[in-house]
There are 2 protein chains.
Amino acid sequence: MYRVAIVGLGNIGRFAIDAVNDAPDMELAGVVRRKAGEKEVRGVPIVENVGELGKVDVVLLCTPSRSVEDTAVTYLLKGIATVDSYDVHSKINGLRENLDKAAKAGNCAAVVSAGWDPGSNSIVRALLEACAPKGITYTNFGPGMSMGHTVVVKSKKGVAGALSMTIPTGTGVHRRMVYVQLELSAKLEDVAADIKADPYFSSDETHVIAVKDVSRLIDMGHGVNMVRKGVSGATHNQIFEFSMKINNPAVTSQIMVSCVRAAMRQKPGAYTMIEIPVVDFLPGDREHWVAKLV
Amino acid sequence: MYRVAIVGLGNIGRFAIDAVNDAPDMELAGVVRRKAGEKEVRGVPIVENVGELGKVDVVLLCTPSRSVEDTAVTYLLKGIATVDSYDVHSKINGLRENLDKAAKAGNCAAVVSAGWDPGSNSIVRALLEACAPKGITYTNFGPGMSMGHTVVVKSKKGVAGALSMTIPTGTGVHRRMVYVQLELSAKLEDVAADIKADPYFSSDETHVIAVKDVSRLIDMGHGVNMVRKGVSGATHNQIFEFSMKINNPAVTSQIMVSCVRAAMRQKPGAYTMIEIPVVDFLPGDREHWVAKLV
């Protein structure tokens, strides 16, 4: 049994409790938060320092991307493996390189950017490159809430509450449907102009709609549709498609939990999901899965 | 550059020539056939013994499944890595175990059951287990020609030519559309009864249709649609779907060629595709693909 701790108790951390509890080969040691406050959540101890939880093999870093590197290094140097869901695509190689050093120093492994994108979608994109090396892959996100865009809208003057939905219109192009709860003095046209001028929105088709209570609109469903049309050898028009409709924090935390096993099975170092055999994400022995899935 | 030889020159072997020629990191050494006959095909030398081709790093075994094991062992013991597309699902673990010994003895690697099913579909099935560990995955094949079923029909009395198409009707259930070119003396009702009583067809909905010239019906297109609905942690109704519409020998041989790199990058032993990091199927270095795909 792997002893696992969850670091952070936002949406993903809370859903991760379910995923660890459901794993046949894991034991939930507890939750680590900066300010513990409550002493437990659903029977799971909450502590401020992982040392209070006894032996811990792996931590799930359910914290914002910006704090992942420092937090991960601290654990890795203690010899505790880490799984994070760092999602700034352009900086993943840098994070991987830095965590690789820390992991080797701590003689353990880090799985970097575990989730659905980056994560399981990355594996599908790599697999489709192997099936048809020439061609184009389009990744179409949504419909679903964009955390990053929502935060930008919330920061605008006159906005009391916000929800930015990502709507796929095909070929990797997205529409932004922005729902705003306005402050009393604010005018929709001013707020809309402000949002549309922001670099987060200025190159996308953006619609801004005023609503009374944005909290009534928020659900955690999300999705993706990936399409590749390409060439295998000299044969054109090979067509591939992958789609999912999922609860976002539930699938993210589940994939992170599956990566706990991968972390325990790799040599010391840092790995993205495309660098790990998929069978290492699954419990039990390889022969079982070869017989069942291959 | 990896020096690659193709063993066998059926459909898959012929398409493999294109895929090797398109690979930026491979050089086609030649084709090995039991009876060479012609001296070359499209400028590629045909020989009866791999020793005539100089240094060869990897062979693609484009031969029937029944001859894969003996052929692979011969090459592996010579220190030449192998990639096969062995497709008898229930016997893959056994093949893998036997090739593992030979590969370790020859200090090289074997990739077993490389293709689309078993193969890339196996990776998708494994990935979906990691995303939603509880639930059901349905693999729906076709529409496309079933080689195995076609061979069975051809063996029936009164049949001059045959084509058995696999038609998906959902939830992993398939209809068999069987096209037969009858011998002059044969009656359709007798042939149909004979086919429907065969264990290959008796549990499937089977339609038998007489045609004048079955060769006019054959195309190499095939496809698959895989669906998983399952549970991530404690969250139900997570929905995943993977589909492709492909030229069958083109995608099979392309995946085998992508597995050449994997064979060269693994430690000595035998591996199915779910036991190999997907990045190892792609040319060049990991950092490039992490930046592009993760």
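Placed above this text is the structure.
Residues numbered from 1 in each chain as written. Chains lettered and ligands numbered in written order. Predicted model: local features only at pLDDT ≥ 70, side-chain atom pairs only at ≥ 80, totals over all residues. Heavy atoms only, no water.

## Quick notes on unusual backbone geometry
Note the threshold: Labels follow the DSSP assignment, with helices taken as runs of H or I lasting at least four residues and strands as runs of E lasting at least two, numbered in each case from the N terminus.
Along the chain, D117 of chain A connects to P118 of chain A via a cis peptide bond; the corresponding omega equals 5 degrees. Along the chain, P118 of chain A turns up in the loop between strand 7 (109-111) and helix 4 (120-131). Geometrically, the link from G142 of chain B to P143 of chain B is a cis peptide bond, its omega value of 0 degrees lying close to zero. Counting through the fold element by element, P143 of chain B comes out in the loop between strand 8 (134-141) and strand 9 (144-145). Here the phi dihedral of R42 of chain A falls at roughly 50 degrees; this positive angle occurs in a residue that is not glycine.

## Let's talk about the sheet that holds strand 2 (residues 26-32) of chain A
All names here are of chain A. Where we set the bar: Between any two strands, at least two bridges found by DSSP are needed for them to pair. Note on contacts: a residue pair is in contact if any heavy atoms of the two residues lie within 4.5 Å. Each axis is a line fitted through C-alpha atoms, taken for helices only over the stretch in contact, and angles between the N-to-C directions span 0 to 180 degrees.
Here we have 8 strands laid out as an open sheet, ordered 3-4-2-1-5-6-7-15, and mixed in their pairing. Here the strands that pair on one side only, and so sit at the sheet edges, are strand 3 (40-41) and strand 15 (269-271). With 4 bridges connecting them, strand 1 (residues 2-7) and strand 5 (residues 58-61) associate as parallel partners. Each residue of the ladder has a partner; that of I6, found in strand 5, is L60. Contacts between helix 1 (residues 11-22) and the sheet are confined to strand 1, strand 2, strand 3, strand 4 (44-47) and strand 5, with strand 2 contributing the most and set at about 160 degrees to the helix. On the sheet, helix 3 (residues 92-106) packs against strand 6 (81-84), strand 7 and strand 15 and is oriented at approximately 145 degrees with respect to strand 15.

## Some points on the packing of aromatic side chains
All names here are of chain A. Stated precisely, the cut-off is as follows: Here the aromatic set is Phe, Tyr and Trp, taking the six-membered ring for Trp, and pairing holds for ring centres within 6.5 Å; pairs whose planes are under 30 degrees apart are stacked, those over 60 apart are edge-to-face, and all others are tilted. Buried, partly exposed and exposed residues are distinguished by accessible area as a fraction of the type maximum, computed with a 1.4 Å probe on protein chains only: under 20%, between the cut-offs, and over 50%, respectively.
Scanning the entire structure with this criterion turns up 2 aromatic pairs over all chains. Aromatic pair W116 and F141: ring centres 6.2 Å apart, planes at 65 degrees, arrangement edge-to-face. Note that W116 is positioned in the loop between strand 7 and helix 4 and F141 in strand 8 (residues 134-141), a separation of 25 residues in sequence. Since its relative accessible area comes to 25%, F141 is described here as partly exposed.

## A short note on the layout of surface pockets
Here is the rule we go by: Grid points spaced at 1 Å and placed over the protein atoms alone form the basis of the search, with a cavity being a set where a 1.4 Å probe fits but cannot get out and a pocket an open set showing protein on both sides within 12 Å along at least five of seven lines. Lining residues have an atom within 4 Å of a point. Grid points are joined across faces, edges and corners, and a volume is the space filled by probe spheres set on the points. Any residue outside Ala, Val, Leu, Ile, Met, Phe, Trp, Tyr, Cys, Pro, Asp, Glu, Lys and Arg is labelled polar, Gly included; the first ten of those are nonpolar and the last four are charged.
Looking at the second largest pocket, its volume works out to about 1800 Å³. Every residue lining the second largest pocket is counted, 48 residues in all, and those nearest its centre are D87, D117, P118, M147 and G148 of chain A. When contributions to the lining of the second largest pocket are tallied by element, the ones reaching two or more residues are helix 1, helix 4, strand 8, helix 5 (147-154), strand 11 (174-182), strand 13 (221-232) and helix 7 (248-265) of chain A together with helix 8 (286-293) of chain B. Class assignment for the residues of the lining of the second largest pocket results in 21 nonpolar, 19 polar and 8 charged.

## Digging into the environment of I92 of chain A
Residue placement: I92 of chain A occurs in helix 3. Looking at I92 of chain A, the relative accessible area reads 0%, which means it is buried. The spatial distance from the C-alpha of I92 of chain A to the C-alpha of P118 of chain A is 9.2 Å, given a sequence separation of 26 residues. Excluding residues that lie within four positions of it along the chain, I92 of chain A makes contacts with Y86, V112, S113, P118 and T272 of chain A together with V290 and V294 of chain B.

## Considerations on the side chain of N248 of chain B
Residue and element names in this part refer to chain B. This is how it is decided: Polar contact criterion, stated in full: a pair of N or O atoms within 3.5 Å, where within protein one must be able to donate a hydrogen and the other to accept it, and residues adjacent in sequence count only if both atoms are side-chain atoms.
Its place among the elements puts N248 in helix 7 (residues 248-265). With a relative accessible area of 19%, N248 lands in the buried category. Here W116 takes part through its side chain, which lies 2.8 Å from a polar atom of the side chain of N248. Setting aside its immediate chain neighbours within four residues, N248 contacts W116, M220 and H222.

## Looking at helix 4 (residues 120-131) of chain B
Residues and elements named next belong to chain B. Condition: Helix span is expected to be 1.5 Å times the residue number reduced by one.
Helix length check: helix 4 (12 residues) gives 17 Å between terminal C-alpha atoms against 16 Å at 1.5 Å per residue, within 8%. Of all 12 residues making up helix 4, 12 are buried, and the element is well covered by its neighbours. Considered for burial, the residues of helix 4 that qualify are S120, N121, S122, I123, V124, R125, A126, L127, L128, E129, A130 and C131.

## Some remarks on the relation of the copies chain A and chain B
Here two copies of a chain appear, and what relates them is a rotation about an axis with a shift along it. Defined as follows: To superpose the copies, least squares is applied to the C-alpha atoms of every residue with a pLDDT of at least 70 in both.
Its rotation angle being 180 degrees, the transformation that places chain A on chain B also includes 0.0 Å of axial translation and leaves an RMSD of 0.0 Å. Here the symmetry operator amounts to a two-fold rotation axis. Comparing interface residues between copies, 100% of those in chain A also lie at the interface in chain B; the contact surface is shared.

## Overview of the pattern of salt bridges
This is how the line gets drawn: Any Lys or Arg side-chain nitrogen found within 4 Å of a carboxyl oxygen on Asp or Glu counts as a salt bridge.
All told, the structure shown has 34 salt bridges over all chains when counted by the stated rule. Where R3 of chain A meets E27 of chain A, a salt bridge forms, and the shortest distance between an N and an O atom there is 3.2 Å. One end of the pair, R3 of chain A, is in strand 1; the other, E27 of chain A, is in strand 2, with 24 residues separating them in the sequence. With relative accessibility at 36%, the residue E27 of chain A sits in the partly exposed group. The partner of K104 of chain B in a salt bridge is D100 of chain B, with the nearest N and O atoms 2.8 Å apart. Here D100 of chain B and K104 of chain B lie together in helix 3 (residues 92-106), a separation of 4 residues that amounts to about one turn. Three or more residues are tied together by salt bridges with common partners; here these are R96 and E275 of chain A together with D280, R286 and E287 of chain B.

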